[in-house]
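# Structural overview
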Amino acid sequence: MFSNRTRLILSTVAATLTLALLAGVLLGAVVLKAGWYDIGATRQHGQLVYTVLEQGMRESVRHHARVVTVPALTAPQQIRRGAAVYRDCCAHCHGGPGFAQSDWGKSMQPVPGPLVDAARRWTAGELYWITRHGIKMSGMPAWEYHLANEDLWAVVAFVQQLPALTPKAYDEITAREADR
Amino acid sequence: MRRATVPAWRVVALLMATATMLALGACSERRASATAEGDPARGKVALTQHACRACHMIPGVTGSQVFVGRPLGDLAESKFIAGSLPNNQENLVKWIRNPKQVDPLTAMPVLGVSETDARDMAAYLLIRR
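Just so we're clear, the structure is a prediction, and the values are computed from it rather than from any experiment.

## Looking at the overall build of chain A
When helices and strands are tallied, chain A shows 8 helices and 0 strands. Listing each helix as α and each strand as β along chain A from the N terminus yields α-α-α-α-α-α-α-α. Since a compact globule built from 180 residues should have a radius of gyration of about 16 Å, the 24 Å found for chain A marks it as more spread out than a globular shape. Going through the 180 residues of chain A one by one, you find that 25% of them count as buried. If you take every contact in chain A between residues at least 6 apart in sequence, the share linking residues at least 24 apart comes to 71%.

Right under this line is the structure:
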């Protein structure tokens, strides 16, 4: 068994940890209820908080998207369909070739990034998962209940083509699909 | 053990060189902030509200690792904006407000930035460091 000294040390450690935990919970509750935290979107997260949240988001998407089976994504007709979906559902917040997002997309926090580099950051399966399920607390909506499954894949196919698209080519491909 | 003695003139020269460098550094810093009009603190927030950080990395503004646009950390030291405009606040405001007018082929879109916001943003970007 433990000696008296060891027992004293262990109980002191346990008592200190319990008290620290209680003090932490109490402080947290006071800050929460007092409303001291500035929830305004003109006040940014610190870089550390942002980076940790972003890292968690990335790992979560990777983990959940690992079971997604990716279909063929190169058919011109599919890409054209994706262009129309992109124009109607994505461009407001993410912008596109040669144009920025609308005012509400510009001032969202976190800001919805351009998707020109999305296919380098994410695999096709991950892009599909993000589009389908959205990202909690980021403003990225889930499209599962608003778009047909073929349209989800079509927009992934289109996003993969974005880096090669000039503003003129974007105007053409989205104009041709005006009556989707 | 005998300690090497440093001649007095070398100490004086070193001190003078250090003082000169410090003075020059202070001068150039003062010059940069003296030419920047507007409110850099307000400009820092404006940079978050016009989605600048979506494409550009900007010291002091929170966001992801992104290289769609050039990082703006060393903008104050650049000689030119977009490779053609001499780097000063007036030109930076012009570029921020309508990049396509300066370079029709630029990937940077027009973002609907007001004159005041652009001036404050330029102040933050040019004064920093």
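Moving on, there is more to tell.
## Digging into the overall build of chain B
A count of helices and strands for chain B gives 5 helices and 2 strands. The helix and strand sequence of chain B, counted from the amino end, reads α-α-β-β-α-α-α. Taken over 129 residues, chain B has a buried fraction of 28%. At a minimum sequence separation of 6, the contacts of chain B that also span at least 24 residues come to 53%.

## Focus: the nonpolar core
Of all hydrophobic cores here, the largest spans 26 residues; its most connected members are Leu92, Ile96, Met121, Ala122, Leu125 and Leu126 of chain B. Of all the elements in the fold, those that place two or more residues in this core are α2 (40-49), α3 (89-97) and α5 (115-127) of chain B. Non-local contacts of Met121 of chain B, meaning those with residues more than four positions away in its chain, are made with Gly43, Ala46, Leu47 and Ile96 of chain B. In this structure, Cys90, Ala91, Leu127 and Trp129 of chain A belong to the second largest nonpolar core, which totals 25 residues.

## Quick word on the domain arrangement of chain A
Annotation of chain A at the domain level lists domain 1 (1-37) and domain 2 (47-176). Distance from the C-alpha centre of domain 1 of chain A to the C-alpha centre of domain 2 of chain A: 45 Å.

## Focus on unusual backbone geometry
In this structure, Pro110 of chain A follows Gln109 of chain A across a cis peptide bond, with omega equal to 0 degrees. By secondary structure assignment, the location of Pro110 of chain A is in the loop between α4 (103-106) and α5 (118-121). Even without being a glycine, Ala51 of chain B presents a positive backbone phi close to 65 degrees. Following the sequence through the fold, Ala51 of chain B ends up in the loop between α2 and β1 (80-81). Using a count of 26 C-beta atoms within 10 Å as the deciding quantity, one classes Ala51 of chain B as buried. One non-glycine residue, Ala82 of chain B, lies in the positive phi region at around 55 degrees.

## Some points on the interface of chain A and chain B
Taken together, the 21 residues of chain A in the interface contact 16 residues of chain B. Ranked by residues supplied to the side of chain A that touches chain B, first place goes to helix α2 (residues 47-65) of chain A with 3 residues. Residue composition of the side of chain A that touches chain B, grouped by class: 6 nonpolar, 12 polar and 3 charged.

## A closer look at the environment of Glu150 of chain A
All names here are of chain A. As for its placement among the helices and strands, Glu150 is situated in helix α7 (residues 149-161). Judged by local crowding, Glu150 falls into the partly exposed class, with 13 C-beta atoms found within 10 Å. Sequence separation between Glu150 and Thr51 is 99 residues, and the spatial gap between their C-alpha atoms is 33 Å.

## Notes on the packing of helix α6 (residues 124-133) of chain A against α7 of chain A
Residue and element names in this part refer to chain A. Running from N to C, α6 and α7 cross one another at 130 degrees; their axes reach a closest spacing of 9 Å. Classified by the interaxial angle, the pair formed by α6 and α7 is oblique. In the packing of α6 onto α7, the handedness of the crossing is right-handed. Touching Ala124, Leu127, Tyr128, Thr131 and Arg132 of α6 are Leu152, Trp153, Val155, Val156, Val159 and Gln160, all from α7. When the residues that make up the contact of α6 with α7 are grouped by side-chain class, the tally is 8 nonpolar, 2 polar and 1 charged.

Cut-off values and rules
- Residues numbered from 1 in each chain as written.
- Chains lettered and ligands numbered in written order.
- Predicted model: local features only at pLDDT ≥ 70, side-chain atom pairs only at ≥ 80, totals over all residues.
- Helix = DSSP H or I, 4+ residues; strand = E, 2+ residues; numbered from the N terminus.
- Rg over C-alpha atoms; globule rule 2.2 N^0.38 Å.
- Buried ≥ 20, exposed ≤ 12 C-beta atoms within 10 Å, placed from the backbone.
- Contact = placed C-beta atoms within 7 Å.
- Core = buried A, V, L, I, M, F, W, Y, C linked by C-beta atoms within 7 Å.
- Domains from an automatic or database assignment.
- Nonpolar A, V, L, I, M, F, W, Y, C, P; charged D, E, K, R; others polar.
- Axes fitted to C-alpha atoms, helices over the stretch in contact; angles between N-to-C directions.
- Parallel < 35°, antiparallel > 145°, perpendicular 65-115°, else oblique.
- Left-handed = near helix turned anticlockwise from the far one by under 90°.

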